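Descriptive structure summary
So the chains spell out like this:
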Amino acid sequence: MTYALVINSGSSSVKFQIVDPTADAAAEPFASGLVEQIGEPSGRITIKHAGDKHVVQQPVPNHTVGLEAAMKILDSLGAGPTQVDVSAVGHRVVHGGMVFSHPELINDQVVEMIRDLIPLAPLHNPANIDGIEVARKLLPDLPHVAVFDTGFFRDLPPSSAIYAINAEVATENQIRRYGFHGTSHEFVSGQVPALLDMPAGSVNQIVLHLGNGASASAVRGGDPIDTSMGMTPLAGLVMGTRCGDIDPGIIFHLARNGGMSIDEIDNLLNRKSGVKGLSGVNDFRDLHRLIDEDNDDAALAYDVYIHQLRRVIGSYMIALGRVDAISFTAGVGENDVATRRDALAGLQHYGIKIDPERNETRSDGARLISTDDSTTRVFVVPTNEELAIAQKATALAKQ
Ligand code: AMP
C-alpha cells in the first residue's frame, strides 16, 4: 500500500494524516495526529492509529519539536512515514494569491513565493510555511507538494472576482475575491457529474460547504463562476464565529464611535460573531438544543444563518440559470437535517424539493435527498480535504 502524508499546519496546531489516496472518502485514514498548544507552556500530541488513540502531554515550544515528537510516536507504533510506503507529502496552503492555481511541487523558490503572499493571509501562510519547512527537514527524500485553498477559484470570471472599489487602489493592494475551501468545493463538485450520470462539462451546480467556516460556490461545467468567501475567509455566509457579509460601513462606525481598534474589530468579526456572536454557541448541536429549550437568541441566530444562506443560493440560481444539482457538505451540511430542510424549503416552484425521509436517512457516502420529481437534484456529499490533498500530492509527485 502506498500512502501520502498530509499536513495542515496552523499557528498553534498541526494536523496530519497518513492516507491511502485511493481510499473511499468515508474511510478512516491509516493514521492521523494533532499537535496542539504549540508555543504554550503545556502542549498535547494525539495520534490515532489502528483503532487506538495515544495522547502525550508535553511542552511543544515550536512546530519542529511538535512534528518531530509526533513522528517519533508514529515510529514507535510502526506507522511512521519512513516505515510505511509514503510517496508524497501534501501541504495545505491557505493563500495562493493570483500566483498558484494548481498544486505545486515545493522547492526553495516556491517557499519564497508562498512567503511573498503573507500580506494576503497574515495568520495562515506563515504557519503553513512553518509546517513545510519542518517537514522538508524531517523528510528530505520525499516530494513535498503545496495544495492551495484558493487554487480552484483562481480563474473566477472578473465580474465576480472584482470588487467595485477604486481600481488603482485595488490593484496596488491585490484586492479581489480569491475564495477559500477550494479543495473541498473541487472535491465535492467533481463527484456530482457521476451521481447525475451527466458529462462533467455540462453540469451546472451549487456546492454548500457548511462547517464551522462556511462557503458556497456556483460551478458551471467544472469551473467555478462565483463563490461566497472573498479576499479573506470572513466574507459570505454566516459562520460559526465569523459574521459573513456585513455593511463595510459598520467597521468605520465601530472604529469612530465604538472606540475599537482595527485589531479588536478583526477579532470581533472573526471570532466573536456569526452564530456564536448571536447565541453564545457555535456548534449546531448546541444551537438546536438551545432552540428546543425556547432560547430566543438561538432561534434568531439560526434564522439569520438560514436567511443569508438562502440569499446566496438564490443569487447562484440566477447566475447559473439552470441548476442540475445542489450539494451539502462539511460538518453542518453533512449532519444537520434541519439546515438542509430550511435552506431549500418552499422552492418547489423552482424545481427544488427535498424528500424529508431521504433527508433524515444517514449514510457514509454521497446520497440523494431530493424527491424523484425534483428537477434540481439535491445531494449530501461528504467532503474529505485531506484525501483530496493526498490525491493531488500523489498525482503531482508521480509526474
Ligand atoms: P467542520 O468545520 O466541517 O468540521 O464542521 C464543524 C461543525 O459541524 C460543528 O461546529 C457543528 O456545528 C457541526 N456539526 C458536526 N456534527 C454535527 C451534527 N451531528 N449535527 C449538527 N451539526 C454538526
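Looking at the overall build of the chain
The helix and strand inventory of the chain stands at 15 helices and 14 strands. Here the chain has a C-alpha radius of gyration of 21 Å; the compact-globule value for 399 residues is 21 Å, and the two agree. By its C-alpha atoms, the chain is 60 × 55 × 45 Å across when sized along the principal axes. When the 399 residues of the chain are sorted by exposure, 49% land in the buried category. Pairs at least 24 residues apart make up 62% of the contacts formed inside the chain by residues separated by at least 6 positions. When the accessible surface of the chain is totalled, it reaches about 18500 Å², and 51% of it is carbon and sulfur.

Points about the site of the ligand
Lining the immediate environment of the ligand, one finds G211, N212, N282, D283, F284, R285, A330, G331, V332, N335 and D336. Contact distances for the ligand include 2.8 Å between an oxygen atom and a backbone N or O atom of F284. One of the backbone nitrogen or oxygen atoms of G331 is found 2.9 Å away from an oxygen atom of the ligand. Burial of the ligand by the surrounding chains reaches 69%, relative to a free accessible area of 500 Å². Contributing elements (two or more residues each) for the shell around the ligand: helix 10 (284–292) and helix 12 (330–335). Take the shell around the ligand: its biggest share by element is four residues, from helix 12. Classifying every residue of the shell around the ligand by side-chain character gives three nonpolar, five polar and three charged.

So, the pairing of strand 4 (residues 44–49)
Taken together, the six bridges between strand 3 (residues 31–36) and strand 4 define a ladder with antiparallel strand orientation. For L34, the partnering residue across the bridge sits in strand 4 and is T46. Pairing analysis gives six bridges linking strand 4 to strand 5 (residues 52–57), with the strands arranged antiparallel. Counterpart to I47 in the pairing with strand 5 is H54. Taking the residues that link successive antiparallel strands as the turn, the strand 4-strand 5 hairpin has two residues, and the phi of A50 there is positive, at about 50 degrees.

Topic: the environment of S9
Note on placement: S9 falls in strand 1 (residues 3–9). Since its relative accessible area comes to 3%, S9 is described here as buried. Separated by 115 residues in the primary sequence, S9 and H124 place their C-alpha atoms 8.4 Å from one another. If we skip the residues at most four places from it in the chain, S9 touches V14, H63, A127, N128 and G131. A distance of 2.8 Å separates the side chain of S9 from the backbone oxygen of A127, its partner in a polar contact.

Re the packing of helix 1 (residues 63–76) against helix 3 (residues 125–138)
Put simply, helix 1 and helix 3 touch, their axes get as near as 9 Å, and they point 50 degrees apart. On the basis of their axis angle, the class for helix 1 and helix 3 is oblique. Considering how the two elements wind past one another, helix 1 and helix 3 form a crossing that is right-handed. Facing H63, T64, L67, E68 and M71 of helix 1, the residues of helix 3 in contact are D130, G131, V134, A135 and L138. Its residues assigned to classes, the contact of helix 1 with helix 3 comprises five nonpolar, three polar and two charged.

What about the sheet that holds strand 2 (residues 14–19)?
Taken in spatial order, the eight strands line up as 5-4-3-2-1-6-8-7 in an open sheet, and their pairing is mixed. Where the open sheet ends on each side, the last strands, each with one partner, are strand 5 and strand 7 (104–105). On top of the sheet, helix 15 (residues 385–398) reaches strand 1, strand 2, strand 6 (86–93), strand 7 and strand 8 (144–148); it is set at about 125 degrees to strand 6, its chief contact.

Here's the deal with helix 10
By the burial criterion, the buried members of helix 10 are F284, L287, H288 and L290. Down the axis of helix 10, the sector holding all buried residues measures 160 degrees, keeping them to one side. Seen from the open side of helix 10, the exposed residues pointing more than 90 degrees away from its buried face are R285 and D292. The secondary structure elements touched by the buried residues of helix 10 are helix 9 (274–279), helix 11 (296–320), helix 12 and helix 13 (337–343). A side-chain oxygen of the first residue of helix 10 lies 2.8 Å from the backbone nitrogen of R285; this N-cap is D283. Looking at the residues trailing helix 10, positive phi occurs at D294, about 65 degrees.

Digging into the nonpolar core
With 42 residues, the main nonpolar core has I206, L208, L210, Y305, F328 and L344 as its most contacted residues. Secondary-structure elements contributing two or more residues to this core are strand 9 (204–210), strand 10 (214–220), helix 10, helix 11, strand 12 (325–329), helix 13 and strand 14 (377–380). Ranked by residue count, the leading element in this core is helix 11, at eleven residues. Every residue in contact with L344, bar those within four places of it in the chain, is listed here: R310, I313, I326, F328, I352, I354 and V378. Counting residues in each nonpolar core, the second largest holds 26 residues, with V14, F16, A69 and L74 among its members.

Comments concerning unusual backbone geometry
Its identity as a non-glycine residue notwithstanding, H181 has a phi of 60 degrees, on the positive side. Checked against the element boundaries, H181 lands in the loop between helix 5 (167–172) and helix 6 (182–196). Even without being glycine, A330 reaches a positive phi, approximately 75 degrees. Along the polypeptide, A330 turns up in helix 12. Judged by its relative accessible area of 7%, A330 is buried.

Conventions and cut-offs
- Along every chain, residues carry numbers that run from 1 in the direction the sequence is written.
- Whole-chain, interface and lining totals are the exception, using all residues; otherwise, since this is a predicted model, local features are given only for residues with pLDDT of at least 70 and side-chain atom pairs are given and counted only at 80 or more.
- Excluded from the side-chain calculations are hydrogens and water; all other atoms, namely the structure's heavy atoms, are used.
- Per the convention used, a helix needs a DSSP run of H or I reaching at least four residues, while a strand needs a run of E reaching at least two, with both numbered from the N terminus.
- It is over C-alpha atoms that the radius of gyration is taken, and the globule rule equals 2.2 Å times the number of residues to the power 0.38.
- The buried label goes to any residue with under 20% of its type's maximum accessible area, the exposed label to any with over 50%, and the partly exposed label to all in between, with areas taken from a 1.4 Å probe on protein chains only.
- Here, two residues are considered to be in contact whenever any of their heavy atoms come within 4.5 Å of each other.
- Each accessible area value is a Shrake-Rupley result obtained with a 1.4 Å probe; residue values ignore everything except the protein chains displayed when judging cover.
- We call a residue near a molecule or strand whenever a single non-hydrogen atom of that residue lies within 4 Å of it.
- Here a polar contact means two N or O atoms within 3.5 Å. Within protein one must be a hydrogen donor candidate and the other an acceptor candidate, and residues neighboring in sequence count only if both atoms are side-chain atoms.
- In the scheme used here, Gly and all other residues not listed as nonpolar or charged are polar, with Ala, Val, Leu, Ile, Met, Phe, Trp, Tyr, Cys and Pro taken as nonpolar and Asp, Glu, Lys and Arg as charged.
- Here a strand pair is declared whenever DSSP counts at least two bridges between the two strands.
- Axis lines are fitted to C-alpha atoms, over the contacting stretch for helices. Their N-to-C directions set the angle, which ranges from 0 to 180 degrees.
- By definition in this entry, angles of less than 35 degrees are roughly parallel, angles greater than 145 are roughly antiparallel, angles of 65 to 115 are roughly perpendicular, and the rest are oblique.
- In this scheme the handedness of a crossing depends on how the near helix is turned from the far one: anticlockwise by less than a right angle means left-handed, clockwise means right-handed.
- The directions considered for the arc are those from the helix axis to the C-beta atoms.
- Nonpolar core, defined: a set of buried Ala, Val, Leu, Ile, Met, Phe, Trp, Tyr and Cys residues in which side-chain atoms within 4.5 Å join the residues together.

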